[in-house]
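# Close look at the chain arrangement
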Amino acid sequence: MFTLLHHPFCPHSRFIRLALGEVGRDVRLVEERVWERREAFLVLNPAGTTPVLTTDGFPPMPGAGLIAEYLDEAHGAALGERRLLPVAMAERIEVRRLMAWFNEKFFEEVSGPLVTERIYKRFMSEGNGGGAPETDVIRAARVNMRYHLAYIGWLARTRNFLAGDRLTYADLVAAAHLSAIDYLGDVPWSEDDAAKAWYARIKSRPSFRPLLGEWLAGVPASRTYVDLDF
């Protein structure tokens, strides 16, 4: 049985939850508020970041990239044509490139700042960095969102899925990061129909349903988050 230490609105955690859903693996979810720097959690991941996957017989697996690689190595072959990390080397490189793009660059420029300022800070003490959101940070992230959405749209117009002809980790990681900020209503979907249509396809998958069912007290979800036909 897998246990995933996560936060419901951590984009990296959402990616792994989608991946586990696509692989068909049950998981026990344990919410982790990383800003509290809980000692038992830091033993599992001294970096103090989510997600962390644990399972009997293996050391803790911290980080979305490492977990995704483990899931492919342990369960990918059994998925056949539904494998989320393709067999061909050129295709694997492209999937990994896009995984890095969203988990690193998109997170740094868009999803990380927005989730931190608009969600995490609500629950953080002042000593841990909590307080009022910084409007300049939010404004910059929203500007960056427009450029990233245009790139997603270009990928969606030139390919069947983001990395090629079929669903891969690239689609799940991009959709995971977008979902966290779509909850807040910070994705300008009207600016790119191709990106919007692609996201609607991924959002309609069964693996997405648990994410869409989660709500944050005091922060209502945007219309586009709850409407599959937005």
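Provided above is the structure to which this section pertains.
Described in the following lines is the structure provided in the data block. All residue numbers refer to position in the chain's written sequence, counted from 1. Totals for whole chains, interfaces and linings use every residue, but because this is a predicted model, local features are given only for residues with pLDDT of at least 70 and side-chain atom pairs only at 80 or more, for both listing and counting. The side-chain figures draw on all heavy atoms in the structure; neither hydrogens nor water molecules are used.

## What about the environment of Glu 134?
Positionally, Glu 134 belongs in the loop between α4 (89–123) and α5 (135–158). With a relative accessible area of 44%, Glu 134 lands in the partly exposed category. It is 9.8 Å that separates the C-alpha atoms of Glu 134 and Leu 114, two residues lying 20 residues apart in sequence. With sequence-adjacent residues up to four places away left out, Glu 134 is seen in contact with Glu 117 and Lys 121. Here a helix means four or more residues in a row that DSSP labels H or I, a strand means two or more in a row labelled E, and each is numbered from the N terminus. Any residue under 20% of the maximum accessible area for its type is buried, any over 50% is exposed, and the rest in between are partly exposed; the area is computed with a 1.4 Å probe on protein chains only. Every residue pair with non-hydrogen atoms within 4.5 Å of one another is taken to be in contact.

## Topic: the nonpolar core
Put simply, a nonpolar core is a bunch of buried Ala, Val, Leu, Ile, Met, Phe, Trp, Tyr and Cys residues held in one set by side-chain atoms that sit within 4.5 Å of each other. Phe 15, Leu 162, Tyr 169, Leu 178 and Trp 198 are the most contacted members of the largest nonpolar core, which totals 71 residues. Within the residue set of this core, elements represented by two or more residues are β1 (2–6), α1 (11–23), α3 (64–76), α4, α5, α6 (169–182), α7 (193–203) and α8 (209–212). Excluding its chain neighbours within four sequence positions, the residues that come into contact with Trp 198 are Ile 152, Ala 156, Leu 162, Asp 171, Ala 174, Ala 175 and Leu 178.

## A few points about the sheet that holds strand β3 (residues 52–54)
Any two strands with at least two DSSP bridges between them are considered paired. With respect to topology, 4 strands assemble into an open sheet ordered β2-β1-β3-β4, the strand pairing being mixed. Each of the sheet's edge strands pairs with one partner strand only, and the pair in question is β2 (27–31) and β4 (61–62). In the sheet, β3 pairs with β4 via 2 bridges, with the strands oriented antiparallel. Within β4, the residue paired with Leu 53 across the bridge is Met 61. Axes here refer to lines fitted to C-alpha atoms; in helices the fit is confined to the stretch in contact. Angles between the N-to-C directions go from 0 to 180 degrees. Contacts from α1 reach β1 and β2 within the one sheet, and its direction differs from that of β1 by about 155°.

## Considering the layout of surface pockets
Considered as a void within the structure, the largest pocket measures approximately 210 Å³ in volume. The method works on a 1 Å grid over the protein atoms by themselves. A cavity is a set of points holding a 1.4 Å probe that cannot get out, a pocket is an open set with protein on both sides within 12 Å along at least five of seven lines, and residues with an atom within 4 Å of a point line them. Along the wall of the largest pocket there are 16 residues; nearest its centre are Cys 10, His 12, Val 34, Phe 107 and Tyr 120. Secondary structure elements with two or more residues in the lining of the largest pocket: α1 and α4. No other element matches the 7 residues that α4 contributes to the lining of the largest pocket. Taken together, the residues that form the lining of the largest pocket break down as 7 nonpolar, 8 polar and 1 charged. Grid points are joined across faces, edges and corners, and a volume is the space filled by probe spheres set on the points. Note on residue categories: nonpolar means Ala, Val, Leu, Ile, Met, Phe, Trp, Tyr, Cys or Pro, charged means Asp, Glu, Lys or Arg, and polar means any other residue, Gly included.

## Points about the environment of Arg 205
Following the sequence through the fold, Arg 205 ends up in the loop between α7 and α8. Residues Arg 205 and Glu 22, spaced 183 residues apart in sequence, show a C-alpha to C-alpha distance of 8.9 Å. In contact with Arg 205, other than residues within four places in its own chain, are Glu 22 and Leu 167.

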